[in-house]
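Below are the chains, spelled out letter by letter.
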Amino acid sequence: MMLYLRLFWEFFKTGLFAVGGGMATIPFLYNMADATGWFTRNDVANMIAVGESTPGPIGVNMATYVGYVTGSNAGGLPFAILGAVVATIGLITPSIIIILIIASFLKSFRDNRYVDSAFYGLRPASTGLIAAAGLSVVVSNLFFPEAMAEGFSLAVLNWKGWALAVVLWALTNKVKQTKKLHPILFILASAVVGVLWGM
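Residues numbered from 1 in each chain as written. Predicted model: local features only at pLDDT ≥ 70, side-chain atom pairs only at ≥ 80, totals over all residues. Heavy atoms only, no water.

Novice: Looking at this structure, I do not really get the overall build of the protein. What am I missing?
Specialist: Across its full length, the protein holds 10 helices and zero strands. The order of α-helices and β-strands along the protein, N terminus first, is α-α-α-α-α-α-α-α-α-α. Counting only C-alpha atoms and orienting by the principal axes, one finds that the protein spans roughly 55 × 45 × 35 Å. Looking at the protein as a whole, 29% of its 199 residues qualify as buried. Contacts in the protein between residues far apart in sequence, at least 24 positions, make up 53% of those at least 6 positions apart. When the accessible surface of the protein is totalled, it reaches about 12600 Å², and 71% of it is carbon and sulfur. Seen as two clouds, the 12 positive and the 8 negative side-chain charges of the protein have centres 13 Å apart. (Helix = DSSP H or I, 4+ residues; strand = E, 2+ residues; numbered from the N terminus. Buried < 20%, exposed > 50% of the residue type's maximum accessible area, 1.4 Å probe, protein only. Contact = heavy atoms within 4.5 Å. Areas by Shrake-Rupley, 256 points an atom, 1.4 Å probe, with all protein chains shown as cover. Lys, Arg positive; Asp, Glu negative; His and termini not counted. Charge placed at Lys NZ, Arg CZ, Asp CG, Glu CD.)

Put into structure tokens, the structure is as follows:
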């Protein structure tokens, strides 16, 4: 029972402070990995891949995934499903509460200069969270972070990751026949390449 309460609490905090959408949850997931030991920082990269490849908001997908994995470590399938539900509810509860409060006071808040100033201040905070998440994804996929501790050399470069990134960039920006294709095709192709290359 304590595991599920902690799952709810950890994702409640994430949902409360991850301003800017699903990608803003990634720094919180790294912190959660360090604090709880439920998953590793490398697992976060897999969660991002699964979350981006499946329908729905990435934050919710990642909460469901973490809850499922954490619950399955505690027992069988029923524990995994319960963990997924608890983590997902924990993540979305703050948003629901805040939206209900704002909706009830919307008319009085609409022209309030303090509220307007608060939203103005939140913009750079959410931009920073999303930028930090993007940078951490780039570093974890294009470099070997554990090798970077010993200094920068060619050994820290993930050549497979760089090759895939360059090919995807060229296909989506430079090759006339492929740049208008739907993004899901590139996601599926990348998944196949990842399986074949063992990335």
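Right, picking up where we left off after that structure.
Novice: Before we go on, may I ask you to explain the confidence of the model for the protein in this structure?
Specialist: Counting all residues, the mean pLDDT for the protein is 84, and 98% of those residues have values of 70 or more. Mean pLDDT in the protein bottoms out at helix 6 (residues 106–109), which sits at 69, and peaks at helix 1 (residues 2–17), which reaches 92. (pLDDT = per-residue confidence, 0-100.)

Novice: Can you walk me through helix 5 (residues 77–104) in this structure?
Specialist: Spacing of three or four residues puts side chains on the same side of an α-helix, whose turn is 3.6 residues. The end-to-end C-alpha distance of helix 5 is 40 Å, a good match for the 40 Å that 28 residues give at a rise of 1.5 Å each. Within helix 5, the axis deviates most sharply at I92, by approximately 30°, and proline P94 lies no more than four positions further along. Within helix 5 the residues assigned to the buried category are A80, G83, A84, V86, A87, T88, G90, L91, T93 and P94. Turning to helix 5, the residues buried within the fold contact helix 1 and helix 4 (58–74). (Expected span 1.5 Å × (residues − 1). Bend = angle between axes of the 7 residues up to and from the residue.)

Novice: In this structure, what is going on with a positive patch on the surface? I would like to understand it.
Specialist: Judged by side-chain charge, K174, K176, K179 and K180 come together as a positively charged surface patch. Relative to the elements of secondary structure, K176 occurs in the loop between helix 9 (159–173) and helix 10 (183–197). (Patch = residues over 30% accessible without salt bridge, like charges linked within 9 Å, V, L, I, M, F, W, Y side chains within 5 Å. Salt bridge = Lys/Arg side-chain N within 4 Å of Asp/Glu carboxyl O.)

Novice: What exactly am I supposed to notice about a nonpolar patch on the surface here?
Specialist: Residues L16, F17, V19, I97, I98, I101, I102, F105, F109, F119 and L122 make up a contiguous nonpolar surface patch of roughly 910 Å² in combined accessible area. If you list the elements that add at least two residues to the nonpolar patch, you get helix 1, helix 5 and helix 7 (113–142). Ranked by residues supplied to the nonpolar patch, first place goes to helix 5 with four residues. Tracing the backbone shows I101 in helix 5. On the accessibility criterion, I101 (44% relative accessible area) is partly exposed.

Novice: Explanation requested: the side chain of T88 in the structure shown.
Specialist: Its location among the elements puts T88 in helix 5. The class for T88 is buried, based on a relative accessible area of 14%. T88 has contacts with V60, A63 and T64, leaving out every residue within four places of it along the chain.

Novice: Please clarify how the pattern of salt bridges should be interpreted in this entry.
Specialist: Opposite charge on two side chains allows them to pair when their charged atoms are near. Evaluated as defined, the whole model comprises three salt bridges. A single salt-bridge network, built from bridges that share partners, covers R6, E10 and K13.

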